[in-house]
Amino acid sequence: MSKAQTLRTAEELIAAGLVGEERREDIERVARRYALAVTPALAALVDPDDPRDPIALQFAPSLAELDRRPEELDDPIGDEPFSPIPGVVRRYPDRALLKLVSACKVYCRFCFRRESVGPGEGALSGAALEAALGYIAAEPAIWEVILTGGDPLALAPRRLAATMRQLGDIEHVKVVRVHTRVPCADPEAVDAAMIEALKSFGRAVYVALHANHPRELTAEARAACARLIDAGVPMVSQSVLLAGVNDDAETLAELMRAFVEARVKPYYLHHPDLAPGTSHFRVDIARGRELMRRLRGRLSGLCQPTYMLDLPGGHGKAPIGPNFIEDGPAPGSHLVADFRGRRHLYPPQAQARPHRD
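Residues numbered from 1 in each chain as written. Predicted model: local features only at pLDDT ≥ 70, side-chain atom pairs only at ≥ 80, totals over all residues. Heavy atoms only, no water.

Trainee: Would you take a moment to explain the nonpolar core for this structure?
Mentor: The nonpolar side chains of soluble globular proteins are, as a tendency, buried together. L98, L147, L167 and L198 are the most contacted members of the largest nonpolar core, which totals 75 residues. Excluding anything up to four places from it in sequence, L98 contacts G87, V88, L124, L129, A132, L133, V145, I146, L147, T148 and T163. Counting 26 residues, the second largest nonpolar core, distinct from the first, contains I14, L18, I27 and V106. (Core = buried A, V, L, I, M, F, W, Y, C linked by side-chain atoms within 4.5 Å. Buried < 20%, exposed > 50% of the residue type's maximum accessible area, 1.4 Å probe, protein only. Contact = heavy atoms within 4.5 Å.)

Trainee: Help me understand helix α11 (residues 285–295), please; the structure alone is not making it clear to me.
Mentor: In an α-helix, one turn spans 3.6 residues; hence positions three or four apart end up facing the same way. Three or more residues of α11 are buried, namely G288, L291, M292 and L295. For α11, the arc enclosing every buried residue in end-on projection is 100°, short of the 170-degree limit, so these residues lie on one face. For α11, the elements touching its buried residues are α10 (249–261), β7 (265–270) and β8 (306–311). Positioned one or two residues after α11, G297 has a phi angle of 95°, which is positive. (Helix = DSSP H or I, 4+ residues; strand = E, 2+ residues; numbered from the N terminus. Arc of directions from axis to C-beta.)

Trainee: Would you explain the packing of aromatic side chains in this entry?
Mentor: Here the distance between the centres and the angle between the planes together describe a pair of aromatic rings. For the coordinates displayed, the defined rule picks out two aromatic pairs. For the ring pair F110 and F281, a centre distance of 5.6 Å and an interplane angle of 75° mean the geometry is edge-to-face. Here F110, found in the loop between β2 (95–99) and α5 (126–137), pairs with F281, found in the loop between β7 and α11; they are 171 residues apart in sequence, far enough to count as distant. With relative accessibility at 9%, the residue F110 sits in the buried group. For F281, a relative accessible area of 3% translates into the label buried. With a centroid separation of 4.0 Å and an interplanar angle of 10°, the aromatic rings of Y267 and Y268 are classed as stacked. By relative accessible area, Y267 is classed as partly exposed at 26%. One residue, R95, lies across the ring of Y92, its end atom 4.1 Å from the ring centre. The ring centre of Y34 lies 3.6 Å from the NZ or CZ of R114, which sits over that ring. (Phe/Tyr/Trp six-rings, centres within 6.5 Å; stacked < 30°, edge-to-face > 60°. Lys NZ or Arg CZ within 6 Å of the ring centre and 35° of its normal.)

Trainee: What exactly am I supposed to notice about the sheet that holds strand β1 (residues 88–92) here?
Mentor: Sheet strands line up and pair through hydrogen bonds in the backbone, either parallel or antiparallel. Strand order across the open sheet formed by nine strands is β1-β2-β3-β4-β5-β6-β7-β8-β9, with mixed pairing between neighbours. At either margin of the open sheet sits one strand with a lone partner, and together these are β1 and β9 (316–319). Each strand of the sheet is rotated relative to its neighbour by a mean of 30°, with strand direction disregarded. Sheet topology places β7 next to β8; three bridges connect them, and they run parallel. Of the residues in β8, the one forming a bridge with L269 is Y307. (Pairing = 2+ DSSP bridges. Axes fitted to C-alpha atoms, helices over the stretch in contact; angles between N-to-C directions.)

Trainee: What is the right way to look at the pairing of strand β3 (residues 144–148) in this model?
Mentor: Residues in a regular strand point their side chains to alternate faces of the sheet. The element β3 is extensively covered by neighbouring structure, given that five of its five residues are classed as buried. Judged from the five bridges that link them, β2 and β3 form a sheet pairing that is parallel. Looking at β3, one finds that L98 is bridged to L147. The pairing of β3 with strand β4 (residues 175–180) spans four bridges and is parallel. By the bridge assignment for β4, L147 is matched with V178.

Trainee: Just to check I follow, could you spell out the packing of α5 against helix α6 (residues 157–168) for this structure?
Mentor: When two helices pack together, you describe them by how their axes are tilted relative to each other and by the distance separating the axes. Where α5 contacts α6, the axes come no closer than 10 Å and their chain directions differ by 25°. One finds that α5 runs roughly parallel with respect to α6. Here α5 and α6 pass one another in a crossing that is right-handed. Contact residues: L129, E130, L133 and I136 in α5; T163, Q166 and L167 in α6. When its residues are assigned to classes, the contact of α5 with α6 shows four nonpolar, two polar and one charged. (Parallel < 35°, antiparallel > 145°, perpendicular 65-115°, else oblique. Left-handed = near helix turned anticlockwise from the far one by under 90°. Nonpolar A, V, L, I, M, F, W, Y, C, P; charged D, E, K, R; others polar.)

Trainee: Please clarify how the pattern of salt bridges should be interpreted in this entry.
Mentor: Between side chains of opposite charge, pairing is possible as soon as their charged atoms come close. Per the stated rule, a full pass over the model turns up 24 salt bridges. Put simply, E65 and R109 hold a salt bridge, and the shortest N to O gap is 2.9 Å. Of the two residues, E65 sits in the loop between α4 (54–59) and β1 while R109 sits in the loop between β2 and α5, which places them 44 residues apart along the sequence. Each of the two residues, E65 as well as R109, counts as buried. (Salt bridge = Lys/Arg side-chain N within 4 Å of Asp/Glu carboxyl O.)

Trainee: Mind showing me how you'd approach the sheet that holds strand β11 (residues 334–337) here?
Mentor: Across the sheet, three strands lie side by side as β10-β11-β12; this open sheet has antiparallel pairing. Unpaired on one side and paired on the other, β10 (325–327) and β12 (343–346) mark the two borders of the sheet. The sheet shows a mean angle of 30° between the axes of neighbouring strands, taken without regard to direction. Two strands pair when backbone bridges link them, and β11 and β12 are joined in this way by four bridges, in the antiparallel orientation.

This is a description of form; function is not addressed.
Structure representation (structure tokens):
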């Protein structure tokens, strides 16, 4: 029996039962505009009888993607203004993004780089990569390099290892962080060769796993994470708050617990970016803040991500979770809310002592 292949066309999505024939024309229209790929591991999670299946919503094209709103931007988080050289983005003094590749194993319908990623976009050329590494080597303030794209783990292990070794030769780069969907999208790819490539850096390597629904943390995905973690590669999570996918407290709680059970520390819950054609995924910030308030106190501290907004224009990320403290009625006092929303004076007022003659 031949190995299942990644689905890349409307015909293949229909044949696999992920969508109905009536959506063929819509999917073909969207696929002419934005990249399409669904790996077998993720396709197997789709419930074809559920028209609002949260896995299908993330990966099967929708005609709503061609509805571009005035506030939406080709470069919603401002990569370009902070790109001193092709392949590098530098928004913060102590870290830099290195965009090794512009392709992914699976294409999210809400991707903030959807205008610049897709099949055929390829990796940085040899000369461009050398120039990017040269920039990083010449900037001693860069302590951390974040490999992104595209998905850096879509690269062949040989190419990934070569880059990791070159980064390891830069003395001031102490940490490499890799942002990826591969442990969930293609768990079998997380093999000994990939792990050896990651460890070629020789210092601290972290993997940030992108998953948005607890069903993505299958037994196979958890085993892929275990292979990384057992090899000494710590993992954190990144998720996006998405309407219809995870915008309820129960789903978010299950997702964050699933991460922790897999030894992946919840890190960021991103507010959706203003990418073109993604308004149907966006949730009000007030709704996101309320969801975060409901998680606090109901979930272990290990399960708490930080709710983040990546500001348009390249101004960086800002935490936008609920505020639990405000100034109190007296100087030096505060009103602090518990997870139920009740406010308490801190420090507590001392009880009046009975007067004695």
